[in-house]
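Remarks on the overall topology
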Amino acid sequence: MKTGKVDVLLGLQWGDEGKGKVVDVLTPRYDVVARFQGGPNAGHTLEFEGQKYVLRSIPSGIFQGGKVNIIGNGVVLAPDLFMAEAKNLEKSGHPLMERLHISKKAHLIMPTHRILDRAYEAAKGKDKVGTTGKGIGPTYTDKTSRNGLRVGDILDNFGEKYRQHKERHLQMLKALGWTDFDGFEETEKLWMEGIAYMKNFKFVDSEHEINHILREGNDILCEGAQGTMLDVDFGSYPFVTSSNTICAGACTGLGIGPNKIGNVYGIMKAYCTRVGAGPFPTELFDETGQRIRDLGHEYGAVTGRERRCGWIDLIQLRYSVMVNGVTELIMMKSDVLDDFDIVKACVAYELPDGTITEDLPYEIDGVKPVYREFKGWHTDMTKFTSEDQFPAEFNDYVRFLEDFLETRIGIISIGPDRDQTIIRK
Ligand code: GDP
Ligand code: IMO
Ligand code: MG
């Protein structure tokens, strides 16, 4: 019996690697695209035919070929934000009510979760995580402490369940000294409209649906959000998000057996960025960092926040390749480095006690990167159509990364547009 395959595509750094663009590019190869974790903290950008779209909770496979897209049980969904996102897509000529399915087991982000997010951040003071403020942490906390409200709850006595959860949150907020919330009633009204709007979509037992799709011989692409260094177990804790962003998250976030996973596409930028607080060993505070930020338009897709920029970190990436079981790498935004005299890659860390290591240590705060330098390629690659056109210096950089990470780079992205993508032979 022919069964379909599941491939997983995920970020290897601190998010914003370019996952949305590549999911869109790869969608024609698959029958279904599914998101497995995260929520509206994500901002996945796609560009084609002169248009730009930013997706938060909706999978990036909705633009190509009328494919079914699934929001899995591992995702946390804010009905008001979901409604805004879906209505925008419908308006721009991309209807999705028929083919976007939502897991009944996905958890709902309540308006009070977002206030709790802000309250916890405020309580942390200078140690704050710098969250997106979308209520991600409090929603996943309710999920693991068995207090969550799920999409399936919408179908049964929802008003009463909502009221109980809200009451509990208000008590928690009161304990934190938060009692006055501007515009809460308006937000709540919009949120309830979102709940009503969501009922236009198909609520599914996504684990059954997905395994059925596979049994029928169809292939699925799982789309990760955030990145490995934001994973709640393996990231730069506590400066992380609250879900498992790694490959294993696709199993728990969709109900897929690990033996069903085929390719694991690991996405990285040709350099590195991070939004929010937390350690970032290769961060550049000089004009080179600012140059990368300007050339790469490194400002958050959701929050507009400035992204911190630095050189590629191969110690961090090798760790990400390991914990995800990456089978193929995808390198994004190489065009941003098109005009540098020197490009650097971190190949070891010097620990505070002077020891040199090539393994990502428990604590990366305070490590000093050891760099290897590469000659810049000084070539505008943004209009290239084949890898045969790549300059020798760029090929040297790519080959070094592949050797160091012991993994092939299968796709190189040379610009934000769907067409600016080189699939290597
Ligand atoms: P995601 O969260 O991983 O989907 O990534 P984001 O959408 O947050 O950030 C990636 C940004 O880089 C977006 O603005 C993309 O349009 C843009 N982008 C993607 N690939 C490339 C590329 O190869 N070159 C350039 N210059 N921009 C790219
Ligand atoms: P995509 O999918 C970059 C960061 C936040 C913060 C930390 C925790 O677009 O790559 P949260 O709101 O999740 O509790 O915030 O994680 N963060 C992201 N950074 N890209 C993302 O998503 C992110 N989602 C969360 O900035 O540091
Ligand atoms: Mg993003």
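Structure first, text after, so check above.
So, a few notes on the structure that sits alongside this text. (Residues numbered from 1 in each chain as written. Chains lettered and ligands numbered in written order. Predicted model: local features only at pLDDT ≥ 70, side-chain atom pairs only at ≥ 80, totals over all residues. Heavy atoms only, no water.)

1. With respect to the overall build of the chain
In terms of regular secondary structure, the chain is built from 11 helices and 20 strands. A compact globule built from 425 residues would reach a C-alpha radius of gyration of about 22 Å, and the chain, at 21 Å, matches this within 12%. Overall, the C-alpha framework of the chain stretches about 65 × 55 × 40 Å when taken along its three principal axes. A total of 425 residues make up the chain; the buried ones form 58% of that total. Counting contacts in the chain only where the partners sit at least 6 residues apart, residues at least 24 apart contribute 76% of the total. A total accessible area of about 17800 Å² is found for the chain, and carbon and sulfur atoms account for 49% of it. In the chain, 52 positive and 62 negative side-chain charges are present, and the distance between their average locations comes to 4 Å. (Helix = DSSP H or I, 4+ residues; strand = E, 2+ residues; numbered from the N terminus. Rg over C-alpha atoms; globule rule 2.2 N^0.38 Å. Buried < 20%, exposed > 50% of the residue type's maximum accessible area, 1.4 Å probe, protein only. Contact = heavy atoms within 4.5 Å. Areas by Shrake-Rupley, 256 points an atom, 1.4 Å probe, with all protein chains shown as cover. Lys, Arg positive; Asp, Glu negative; His and termini not counted. Charge placed at Lys NZ, Arg CZ, Asp CG, Glu CD.)

2. Points about the site of ligand 1
Taken together, 19 residues surround ligand 1, and among them Gly-18, Lys-19, Thr-45, Asp-335 and Ser-413 come closest. Within the side chain of Asp-335, one N or O atom sits 2.7 Å away from a nitrogen atom of ligand 1. A distance of 3.1 Å separates an oxygen atom of ligand 1 from a polar atom in the backbone of Gly-415. About the coverage of ligand 1: the protein hides 94% of its 580 Å² of free accessible area. When grouped by side-chain class, the residues that make up the shell around ligand 1 number four nonpolar, seven polar and eight charged. (Near = heavy atom within 4 Å. Polar contact = N/O pair within 3.5 Å; in protein donor to acceptor, adjacent residues only side chain to side chain. Nonpolar A, V, L, I, M, F, W, Y, C, P; charged D, E, K, R; others polar.)

3. Looking at the site of ligand 2
In the neighbourhood of ligand 2, 21 residues make up the surrounding shell, with Asp-16, Lys-19, His-44, Thr-132 and Thr-241 lying closest. In this structure, Thr-132 approaches ligand 2 through a side-chain N or O atom, which is 2.6 Å from an oxygen atom. A distance of 2.6 Å separates an oxygen atom of ligand 2 from a polar atom in the side chain of Thr-241. Within the shell around ligand 2, the residues separate by chemical class into eight nonpolar, 10 polar and three charged.

4. Quick notes on the coordination of the magnesium ion (ligand 3)
Around the magnesium ion (ligand 3), the donor atoms from the protein are Asp-16 (OD) and Gly-43 (O), and they sit 2.1 to 2.2 Å away. Highlighted residues: Asp-16 in the loop between strand S1 (6-11) and helix H1 (19-26) and Gly-43 in the loop between strand S2 (32-35) and strand S3 (44-48), separated in sequence by 27 residues. (Donors = N, O, S within 2.8 Å, 3.2 Å for Na, K, Ca; no water.)

5. With respect to the layout of surface pockets
Put simply, the second largest pocket is a space of about 330 Å³. Taken together, the residues of the lining of the second largest pocket break down into 11 nonpolar, two polar and three charged. (1 Å grid on protein atoms, 1.4 Å probe; cavity = no way out; pocket = protein on both sides within 12 Å on 5 of 7 lines; lining within 4 Å. Points joined across faces, edges and corners; volume = space filled by probe spheres on them.)

6. Quick word on the side chain of Asn-41
Position of Asn-41 among the secondary structure elements: in the loop between S2 and S3. A relative accessible area of 12% places Asn-41 in the buried class. Looking at Asn-41, its side chain comes within polar contact range of the side chain of Gln-226, at 3.1 Å. Among residues more than four places away in sequence, those in contact with Asn-41 are Thr-132, Lys-134, Ile-136, Gln-226, Thr-241 and Val-302.

7. Considering the pattern of salt bridges
Per the counting criterion, the structure on display carries 26 salt bridges. Of the charged contacts, one joins Lys-126 and Asp-127 as a salt bridge, the two residues approaching to 3.4 Å between their closest N and O atoms. Looking at Lys-126, the relative accessible area reads 79%, which means it is exposed. Note on Asp-127: relative accessible area 43%, which makes it partly exposed. When the shortest N-O distance is used, the salt bridge between Arg-168 and Asp-142 registers 3.3 Å. Pair noted here: Arg-168 is in helix H5 (residues 158-175) and Asp-142 is in helix H4 (residues 136-144), with a separation of 26 residues, a long-range link. On the accessibility criterion, Arg-168 (25% relative accessible area) is partly exposed. (Salt bridge = Lys/Arg side-chain N within 4 Å of Asp/Glu carboxyl O.)

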